[in-house]
Amino acid sequence: MPVKFTLSRFPKRYLIVIMVFIGYVIFFGLHTNIGMAVVAMTSSRKISTPNGTIIVKEPDFNWTSIQKSTVISSLAYGRFFGPIGGLMAGRIGGSTMYTLGIVSTALVTFLLPLCLRINFYLFVFGNALTGLFESFAYASVSQLWSRWAPPNERAKIISVSVIGIYGGPIASFVGSGWILHEWGWEMLFYVTGIVILIWSGVWFLVVKNDPADDKWMSEAEKVYIKKELNNNEMLDDVKLEYPWKDLLTCVPFWIGCLCKFIIGVGFTFTMVYLPQYIKDTNDIDIRSIGYISVIPQVCSIIAMPLTGYLFDYIRSNQLLSLTNVHKLYACIGLLAGAATYMTAGLWPNFTVCIVCISLFSFFITFLVLEVQVLVLDLAPRYAAFMNSMATSGYTSSSILTPIIVGFIVTSESQLEWSSCFIIFSIQYIVVALLCLKFGSGELQHWANYSSNKSIDELTDVPSSESSNS
């Protein structure tokens, strides 16, 4: 007879946090892989022969700056259809949608080297498909949290899992740098595909759509989660119908989408273009570029759990209204991001730039967490669709940012890179002002659902203390 892990040992919702964390590592490692692969594909390599002779190998592809930007942004093209995945996750369940998306991502990744050997635009199309299937999996996570994350634990749960967003680039910068140096760019795609495929099998076995479907977790934890979500969250016996007019005219939601857009600007510029910036302004080999590019991600990993615990502390102790907590977090991330980017642009020094980008990566976690929690606070029943819509904003910036950089950085000079920093810092200031004016974090009236079932009908409900033990 299988052994059940009781709530007092390790809550299942925290195991899912770990699973989502690893999933984020995979998702965002894919983003960084593209940037590192483009550098390797278009750069000459020094190869040591057995007798000690150094041979310089010419680049495999002589792409223009526009072609490089097209490849880098192609992963984002498919994400425009991410809301489809959000709708499907609401119908078939978050875990099921995740599994379908991640398996498809693995299969396409295997085929990317072949696509590139056949035709440049076929490779671009393959990357777009990867982004499409990845967006389906990514959107499903919000649906999962709407079933598994109690409101007073949301920020903590999400902040720990979101560390994987920064763990992905670290794993990619170090791992892909080593693979590219030793084996070349084709092997990078094969190794990534194998890792994704293995992970999809683990996810399918461990994570369920709803606590009620999980036979391995304790009944006490099931009742605790049900009680915490019972007041206004989605319930099993309620058919999910979308109030389209209210949802699509919700101003705080669109502010969240705008914040997601600006997060995409920073992530794309930092994660994808940092290796290219280092290469253009310094004579450093590909492995060293990977190690240096890890530094900002480490800063984000340090910051993220701190921001989550602080958010939950302010919320549970009612030190600020929920709306003001969201505004505070948004403005810290946006204004600090603007200050660091502006400094990097006006003070063109390599060391200063790395320090500024590291500080940017630390403070932007406030904004990242705020947006992740926002859709669950505004309308938890529709979180998957809303998050996928917001991710379309991220997608737009993932496409536009490489285009902007491609047009500005044509001769790979320090002045051109500094111009990019300054332009992006101004965008952050504008969005901060809009958040102050129109932001909100309160449950929307059209998303509130009061169950016909009384909480008193739930028996043997554990206390919060016992649930967290």
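That block above? That's the structure.
Numbering of residues begins from 1 in every chain and follows the order in which that chain's sequence is written. The predicted origin of the model limits local features to residues at a pLDDT of at least 70 and limits the giving and counting of side-chain atom pairs to 80 or more, whereas totals for whole chains, interfaces and linings rest on all residues. Side-chain figures throughout are based on the complete set of non-hydrogen atoms in the structure, without hydrogens or water.

Digging into the overall build of the chain
Only DSSP runs of H or I reaching four residues or more are called helices, and only runs of E reaching two or more are called strands; each is numbered from the N terminus. Across its full length, the chain carries 17 helices and two strands. Taking all 469 residues of the chain together, 58% fall into the buried category. The criterion used for residue contact is that any of the two residues' heavy atoms lie within 4.5 Å. The long-range fraction of contacts in the chain, counting pairs at least 24 apart against all pairs at least 6 apart in sequence, stands at 85%. The buried label applies to any residue whose accessible area, calculated with a 1.4 Å probe on protein chains only, is under 20% of its type's maximum; exposed applies above 50%, and partly exposed to all values in between.

Focus: the nonpolar core
Nonpolar cores are built from buried Ala, Val, Leu, Ile, Met, Phe, Trp, Tyr and Cys residues. Side-chain atoms within 4.5 Å join them into one set. Counting 132 residues, the largest nonpolar core has Tyr24, Met41, Trp145, Phe267, Phe269 and Leu367 as the members making the most contacts within it. If near-sequence neighbours (up to four positions away) are discounted, phenylalanine 269 is found in contact with Leu274, Tyr341, Thr401, Val405, Trp417, Cys420, Phe421 and Phe424.

Observations concerning the environment of leucine 434
By the secondary structure assignment, leucine 434 is in helix α16 (residues 414-438). Taking C-alpha positions, leucine 434 is 9.7 Å from cysteine 259, a pair spaced 175 residues apart along the chain. Ignoring any residue separated from it by four or fewer positions in sequence, one finds leucine 434 in contact with Ile255, Leu258 and Gly439.

So, the side chain of threonine 109
Residue placement: threonine 109 occurs in helix α4 (residues 94-118). When its relative accessible area of 1% is taken as the criterion, threonine 109 is described as buried. Looking at threonine 109, its side chain comes within polar contact range of the main-chain oxygen of threonine 105, at 2.7 Å. Not counting residues within four places of it along the chain, the set of residues in contact with threonine 109 comprises Thr130, Phe189, Thr192, Gly193 and Ile196. Any pair of N or O atoms that falls within 3.5 Å is considered a polar contact. Within protein, one atom must be able to donate a hydrogen and the other to accept it, and sequence-neighbouring residues count only if both atoms are side-chain atoms.

Describing the pattern of salt bridges
Salt bridges are defined by distance alone: a side-chain nitrogen of Lys or Arg within 4 Å of a carboxyl oxygen of Asp or Glu. For the structure on display, the rule yields eight salt bridges. The closest approach of N and O atoms between arginine 13 and glutamate 153, which form a salt bridge, is 3.1 Å. Of this pair, arginine 13 sits in helix α1 (residues 12-41) while glutamate 153 is found in the loop between α5 (120-148) and α6 (154-182), placing the two residues 140 residues apart along the sequence. A salt bridge links glutamate 219 to lysine 222; the nearest nitrogen and oxygen atoms lie 3.5 Å apart. With glutamate 219 and lysine 222 both in helix α8 (residues 219-229) and three residues apart, the pair spans about one turn of that helix. On the basis of relative accessible area, lysine 222 is assigned to the buried category, the value being 17%. Linked by salt bridges that have partners in common, Arg13, Glu153 and Glu221 make up one network.

Some remarks on the packing of aromatic side chains
Within 6.5 Å between ring centres, the rings of Phe, Tyr and Trp (the latter by its six-membered ring) count as paired, and their orientation is classed by plane angle as stacked under 30 degrees, edge-to-face over 60, tilted in between. Inspection of every chain in the model, using the stated rule, returns 20 aromatic pairs. Each ring, one from phenylalanine 133 and one from phenylalanine 136, has its centre 6.4 Å from the other, and the planes form 75°; the classification is edge-to-face. Taken together, the residues span about one helical turn, with phenylalanine 133 and phenylalanine 136 both in helix α5 at a distance of three residues. Phenylalanine 136 sits in the buried class, given a relative accessible area of 12%. Here a set of aromatic residues connected by ring pairs shows up, and it is made of Phe61, Trp63, Phe120, Tyr121, Phe123, Trp185 and Phe189. By definition here, charges over rings are those cases where NZ of Lys or CZ of Arg is within 6 Å of the ring centre and within 35 degrees of the ring normal. In this structure, arginine 13 packs its charged tip against the face of tyrosine 14, placed 4.7 Å from the ring centre.

With respect to a nonpolar patch on the surface
Taken together, the side chains of Phe80, Phe81, Ile84, Met88, Ile92 and Leu100 define a hydrophobic patch exposed on the protein surface, amounting to about 530 Å² of accessible area. The greatest single-element share of the nonpolar patch, amounting to three residues, is contributed by helix α3 (residues 82-92). For phenylalanine 81, a relative accessible area of 49% puts it in the partly exposed group. Patch membership is restricted to residues that have no salt bridge and whose relative accessible area is over 30%. Joining uses 9 Å for like charges and 5 Å for the nonpolar side chains Val, Leu, Ile, Met, Phe, Trp and Tyr. Per-residue accessibility takes into account occlusion by the displayed protein chains alone, with areas from the Shrake-Rupley method and a 1.4 Å probe.

Describing α4
Any helix carries an expected span of 1.5 Å times its number of residues minus one. Along its 25 residues, α4 runs 36 Å from first to last C-alpha, staying within 8% of the 36 Å computed at 1.5 Å per residue. Two axes are fitted around each residue, one to the seven residues ending there and one to the seven starting there, and the angle between them is reported as the bend at that residue. The sharpest bend along α4 reaches about 40° and sits at leucine 112, with the proline proline 113 one to four residues further on.

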